[in-house]
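Next come the chains, spelled out residue by residue.
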Amino acid sequence: MGIIIPFCGLSGAGKTTLAVAIASKMIAEGLKVLVMDGDHYRQSLCKDLGFSKADRLENVRRIKEEAVNLHAGYDLIIMALINPFEEGRAATGNAEELVWIKCSLETLRERDTKGLYFKAYLPDGHPDKIYNLTGVNDTFEIPEQAGLVIETDVMSLEESLDSLYSFLMVKVGKGQEVIGG
Ligand SMILES: Nc1ncnc2c1ncn2[C@@H]1O[C@H](COP(=O)(O)OS(=O)(=O)O)[C@@H](OP(=O)(O)O)[C@H]1O
Ligand SMILES: Nc1ncnc2c1ncn2[C@@H]1O[C@H](COP(=O)(O)OP(=O)(O)O)[C@@H](O)[C@H]1O
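Rules and cut-offs
- Residues numbered from 1 in each chain as written.
- Chains lettered and ligands numbered in written order.
- Predicted model: local features only at pLDDT ≥ 70, side-chain atom pairs only at ≥ 80, totals over all residues.
- Heavy atoms only, no water.
- 1 Å grid on protein atoms, 1.4 Å probe; cavity = no way out; pocket = protein on both sides within 12 Å on 5 of 7 lines; lining within 4 Å.
- Points joined across faces, edges and corners; volume = space filled by probe spheres on them.
- Helix = DSSP H or I, 4+ residues; strand = E, 2+ residues; numbered from the N terminus.
- Nonpolar A, V, L, I, M, F, W, Y, C, P; charged D, E, K, R; others polar.
- Axes fitted to C-alpha atoms, helices over the stretch in contact; angles between N-to-C directions.
- Parallel < 35°, antiparallel > 145°, perpendicular 65-115°, else oblique.
- Left-handed = near helix turned anticlockwise from the far one by under 90°.
- Contact = heavy atoms within 4.5 Å.

If you look the chain up in an unreviewed UniProt entry, it shows as Adenylyl-sulfate kinase from Pedobacter gandavensis.

Take a look at the structure:
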């Protein structure tokens, strides 16, 4: 039975980048790793859902259900979703397994790889404005507890991956727990 690790964090924070890179590294070492990405499921299993609180919770619920169905075949499944509510995170697993991919709004607005932040900051009434972008004009509850926090606006990609790798290897039973420090 593999372990299911939920990531949470705002759009553009680095969930996909880090999940895919760490999965490639672990797969190269012989582990079976699956990345379940929010963006992907929103075009398939969850394409009927929008971004209301109820729909976001349903999105998380369905993807967790799918992860539970699949996890016998993997050492590790990473669920890379915004997962903005504590209620949704509680449904995905223990807080010690949660990885918060954290990034300031300032940096997210600079990155803006999908143009979502630009649209969310347009004036009210503008035809292209989006009104429910997590962290701008929709809720992102700060995780009260997390097993690991990665600050992608402070840490380099390499540092982020090193930290994630150590954390995940312990979770899959292949690494050493660092006590203290
Ligand atoms: N309004 C709004 N708010 C947040 N995200 C939006 C929105 N509209 C579209 N998108 C795109 O949808 C992706 C988030 O899907 P998730 O399934 O991870 O979201 S959630 O957990 O249900 O909140 C998210 O993908 P990531 O950028 O990879 O996080 C966005 O590309
Ligand atoms: N330390 C870092 N960790 C992850 N991504 C980073 C980091 N620094 C810069 N980035 C960049 O930030 C963007 C994150 O996008 P993405 O991984 O799609 O985010 P998300 O899946 O959270 O929406 C990428 O363009 C990536 O190259």
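Now that the structure is up, let's keep going.
A. Structural context of the layout of surface pockets. Computed from the structure, the largest pocket encloses a volume of approximately 550 Å³. Ser11, Lys15, Asp39, Ile82 and Lys114 are the residues nearest the centre of the largest pocket, which is lined by 27 residues in total. Breaking the lining of the largest pocket down by element, the ones donating at least two residues are helix 1 (15–28), helix 2 (38–41) and helix 3 (53–70). Taken together, the residues that form the lining of the largest pocket break down as ten nonpolar, eleven polar and six charged.

B. Broad picture of the packing of helix 1 against helix 7 (residues 157–171). Look at helix 1 against helix 7: their axes get within 10 Å of each other, and the N-to-C directions meet at 60°. Here helix 7 runs oblique to helix 1, going by the angle between their axes. Here helix 1 runs over helix 7; the crossing is right-handed. Judged by residue contacts, Thr17, Leu18, Ala21, Ile22, Lys25 and Met26 of helix 1 engage Leu157, Ser160, Leu161, Leu164, Tyr165, Leu168 and Met169 from helix 7. Of the residues assigned to the contact of helix 1 with helix 7, the class counts are ten nonpolar, two polar and one charged.

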